[in-house]
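Read off the chains here:
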Amino acid sequence: MKLTKSYYLFFLLPLFLLSFTDGNKKKNDWEKEKLKGNVKSIREYYYNEADDKTLAIKPSAIRINDSNSCIITNYNEKGNVTTCNWHRGNLEGKKWINRYDDAGNLIESTTFNTDDSISKKSYFIYDANLNCIESNGTYYGKHGMNFKLIYKYDDKNNRIEMGYYKYFKDSQAYYQWIYKYDENDNNIEEYVYHEDGKLSQKYINKFDNDHNLIQIDAYSESLMWKYFSTYNENGLMTDEHQIGKDDKLMYDYAFKYEYDDKGNWIKKIKYEKDIPIGLTIRVIEYY
């Protein structure tokens, strides 16, 4: 069966989110997720409604099947994710297991299906500066395929290039990302090219003084959409909205938080037009 570009783009979508690098500082998962204290695990419960019943739920009494879905994430003492399990009610969904070297670098990640069969397996290779220079692996299943990603960096250890290869032996990237940075190491421009060298998409990004991404202008042949967000003093998003190429508002959401005594949020309420429409509750365990 011949696989289309759309099929490969399905697997590449997560790379879009990962591509907005936060300068050249090496961070563990605690730092990436803006967690405070030595977090051992987080149980994150998602509710599709935020009404009197769900808003009154006490985190200490919550159960997995009380919510629409739940993600349980475990961290090691170095602050990196070791396992992640997704649940919908009493049903266990996909899970992830990560393995690290002595320096805290992620070297292997395995994703499992609900029947415990392997969905994806990835390996990671680093240079002397502990920059990840290659990740490779296999997607399993009906349309299983191998993949390889090659990364390049500047002298400040900012990632400046990422190439996606469909097969291990390919010498030409199927998709290629090029990144440009400002003097504060913010990723302010991103260009995505097809294997024929033609520009596919372009993103112009703006950041605040705390390196939070506050605006994205996305282009193909012309402007596709604009995205805006703002953050509070804790670095948490308080609102976001997206505008289409015809200046039509695509969505507009606001967020409010409650915190534990460590300063980590334990309740997040999502609003649309001042009406609560979603709720996330976190139960955090510390070392």
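Residues numbered from 1 in each chain as written. Predicted model: local features only at pLDDT ≥ 70, side-chain atom pairs only at ≥ 80, totals over all residues. Heavy atoms only, no water.

Focus: the packing of aromatic side chains
Between two aromatic rings, the relevant description is the distance of the centres plus the angle of the planes. The final tally for this structure, using the stated rule, is seven aromatic pairs. Where tyrosine 139 meets phenylalanine 147, the ring centres are 5.0 Å apart and the plane angle is 45°; that geometry is what we call tilted. Phenylalanine 147 carries the same exposure label as tyrosine 139, and that label is buried. Between tyrosine 175 and tryptophan 177 the ring centres are 6.4 Å apart and the planes differ by 45°, which places this aromatic pair in the tilted class. Among the residues examined, tryptophan 177 registers a relative accessible area of 5% and is labelled buried. (Phe/Tyr/Trp six-rings, centres within 6.5 Å; stacked < 30°, edge-to-face > 60°. Buried < 20%, exposed > 50% of the residue type's maximum accessible area, 1.4 Å probe, protein only.)

Remarks on the pairing of strand β1 (residues 39-47)
Here β1 runs beside strand β18 (residues 275-286); their pairing, made up of eight bridges, is antiparallel. Following the sheet pairing, arginine 43 is matched in β18 by valine 283. Taken together, the six bridges between β1 and strand β2 (residues 69-75) define a ladder with antiparallel strand orientation. Bridging across to β2, serine 41 finds its partner in asparagine 74. (Pairing = 2+ DSSP bridges. Helix = DSSP H or I, 4+ residues; strand = E, 2+ residues; numbered from the N terminus.)

Focus: the environment of asparagine 186
Along the polypeptide, asparagine 186 turns up in the loop between β10 (175-181) and β11 (187-194). In sequence terms asparagine 186 and asparagine 212 are 26 residues apart; their C-alpha atoms lie 9.1 Å from each other. With near-sequence residues (within four places) excluded, asparagine 186 lies in contact with Lys180, Tyr181, Phe207 and His211. (Contact = heavy atoms within 4.5 Å.)

Considering the pattern of salt bridges
Enumeration according to the criterion identifies eight salt bridges in this entry. Measuring nitrogen to oxygen at the nearest pair gives 3.3 Å for the salt bridge that ties aspartate 116 to lysine 95. Of this pair, aspartate 116 sits in the loop between β5 (106-112) and β6 (118-126) while lysine 95 sits in strand β4 (residues 91-100), and the two are 21 residues apart along the sequence. In this structure, lysine 152 and glutamate 161 form a salt bridge, with 4.0 Å as the shortest nitrogen-oxygen distance. (Salt bridge = Lys/Arg side-chain N within 4 Å of Asp/Glu carboxyl O.)

Regarding the side chain of asparagine 28
Secondary-structure assignment places asparagine 28 in the loop between α1 (5-18) and α2 (29-32). Classification of asparagine 28 by relative accessible area gives buried; the value is 17%. Within the local environment of asparagine 28, its side chain forms a polar contact with the backbone oxygen of lysine 78, the two atoms lying 3.0 Å apart. Setting aside residues up to four positions removed in sequence, asparagine 28 forms contacts with Lys78, Gly79 and Asn80. (Polar contact = N/O pair within 3.5 Å; in protein donor to acceptor, adjacent residues only side chain to side chain.)

Digging into unusual backbone geometry
Backbone geometry at lysine 34 places phi at a positive 60°, although glycine is not the residue there. Summarising the element assignment, lysine 34 is placed in the loop between α2 and β1. Overall, lysine 34 belongs to the partly exposed group, its relative accessible area being 34%.

Quick look at the confidence of the model for the protein chain
Here the protein chain shows a mean pLDDT of 88. Residues at 70 or above account for 89%. Here residues 1-23 scores under 50 on pLDDT; set against residues more than four positions off or in separate chains, the count is 41 contacts. (pLDDT = per-residue confidence, 0-100.)

Regarding the side chain of glutamate 240
By secondary structure assignment, the location of glutamate 240 is in strand β15 (residues 237-244). Buried charged residue glutamate 240 carries no salt bridge. Nearest counter-charge: lysine 270, at 5.7 Å. A polar atom in the side chain of glutamate 240 sits 2.6 Å from the side chain of tyrosine 227. Not counting residues within four places of it along the chain, the set of residues in contact with glutamate 240 comprises Tyr227, Phe228, Ser229, Tyr251, Asp252, Tyr253 and Phe255. (Lys, Arg positive; Asp, Glu negative; His and termini not counted.)

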